[in-house]
Amino acid sequence: MGAFGTEQIITTNVTEPQSVTASDLDNDGDVDVLSASRDDNKIAWYENINGQGSFGPQNIISTQVISPRNLYVKDLDNDGDQDIISSERDGSYSAILWFENLDGNGNFSSQILISDEIDYATTVYASDLDQDQDFDILSASQFDGKIAWYENYTILNRPDFNNVSEKIYPNPVKETLYIKSDEIIESLKIFNQTGQLIKSIINETEINIENFKSGLYFVQIEFQSGVIGFQKILKE
């Protein structure tokens, strides 16, 4: 009951560490460690090499985040691996950033801006605030006295889907949903907010959803080219 062992140092190769958290960053079933340190502008992670708390050398994610202060880990793009959210503060400039876990093995993208319309960010967090099956971002910023959230559109902004000219309308919809596209549509699937398949359609571009309950749904569109896209719709 609350008895702990002696100190076990993971690294001393950081300058003014500000935040630490833990998550399985490389999908090997054990919990790795992640740190942010202010004076070296460093976000790094340390692999749990045996599942027993023995850690490998420092893996640098970025040294371009100015004075990172806070970290949070969540799968932001629904691809099955853990991405990273960070705040940064540099004088009067402050921002919320994220880093995509590119391969599920702990190799990360460069920083991606979520917002810089804040003043002195202190905390970041992620949760599904609008119940649409993805994780939105929360931030607290000190000097503007602001609590804010940012809806996650990542899964809707996939580059392969953006290259297809399509339109789903009307949205919100009461009875019939129409899909127009320059590409040939192979199939359509509609899921509810829990991921349950509600309707599946082959080679049709008009869908009667009059008998659906009111709420948010997801439309998966598979094109003949093999591209698969997603859209959110609201049933009135």
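Note that the structure is predicted; figures quoted are calculated from it, not measured.

With that settled, the discussion passes to the overall build of the chain. Counting secondary structure elements, the chain contains one helix and 18 strands. Taking the principal axes of its C-alpha atoms as reference, the chain extends roughly 65 × 45 × 40 Å. Out of the 236 residues in the chain, the part that is buried amounts to 42%. Counting contacts in the chain only where the partners sit at least 6 residues apart, residues at least 24 apart contribute 41% of the total. Within the structure as shown, the chain displays about 12,700 Å² of accessible surface, and the carbon and sulfur contribution to it stands at 46%. Within the chain, the 40 negative side-chain charges are centred at a point lying 8 Å from the centre of the 15 positive side-chain charges.

The subject of this paragraph is the sheet that holds strand 4 (residues 55-62). Spatial ordering of the open sheet is given by 1-2-3-4, a layout of four strands whose pairing is antiparallel. Looking at which strands have only one partner, the edges of the open sheet turn out to be strand 1 (17-23) and strand 4. On average, adjacent strands in this sheet sit at an angle of 20° to one another, irrespective of strand direction. One ladder, built from five bridges, connects strand 2 (residues 32-37) with strand 3 (residues 42-48); its direction is antiparallel. Within strand 3, the residue paired with Ser-35 across the bridge is Ala-44.

With that settled, consider the environment of Ser-94. Positionally, Ser-94 belongs in strand 7 (residues 93-99). Residues Ser-94 and Asn-107, 13 residues apart in the sequence, show an inter-C-alpha distance of 25 Å. When neighbours within four sequence positions are excluded, Ser-94 is seen to be in contact with Glu-88, Arg-89, Ser-115, Asp-116, Ile-118, Asp-119, Tyr-120 and Ala-121. In terms of polar contacts, Ser-94 uses its side chain to reach the backbone carbonyl oxygen of Glu-88, at 3.0 Å. Here Ala-121 takes part through its backbone nitrogen, which lies 2.8 Å from a polar atom of the side chain of Ser-94.

Cut-offs applied
- Residues numbered from 1 in each chain as written.
- Predicted model: local features only at pLDDT ≥ 70, side-chain atom pairs only at ≥ 80, totals over all residues.
- Heavy atoms only, no water.
- Helix = DSSP H or I, 4+ residues; strand = E, 2+ residues; numbered from the N terminus.
- Buried < 20%, exposed > 50% of the residue type's maximum accessible area, 1.4 Å probe, protein only.
- Contact = heavy atoms within 4.5 Å.
- Areas by Shrake-Rupley, 256 points an atom, 1.4 Å probe, with all protein chains shown as cover.
- Lys, Arg positive; Asp, Glu negative; His and termini not counted.
- Charge placed at Lys NZ, Arg CZ, Asp CG, Glu CD.
- Pairing = 2+ DSSP bridges.
- Axes fitted to C-alpha atoms, helices over the stretch in contact; angles between N-to-C directions.
- Polar contact = N/O pair within 3.5 Å; in protein donor to acceptor, adjacent residues only side chain to side chain.

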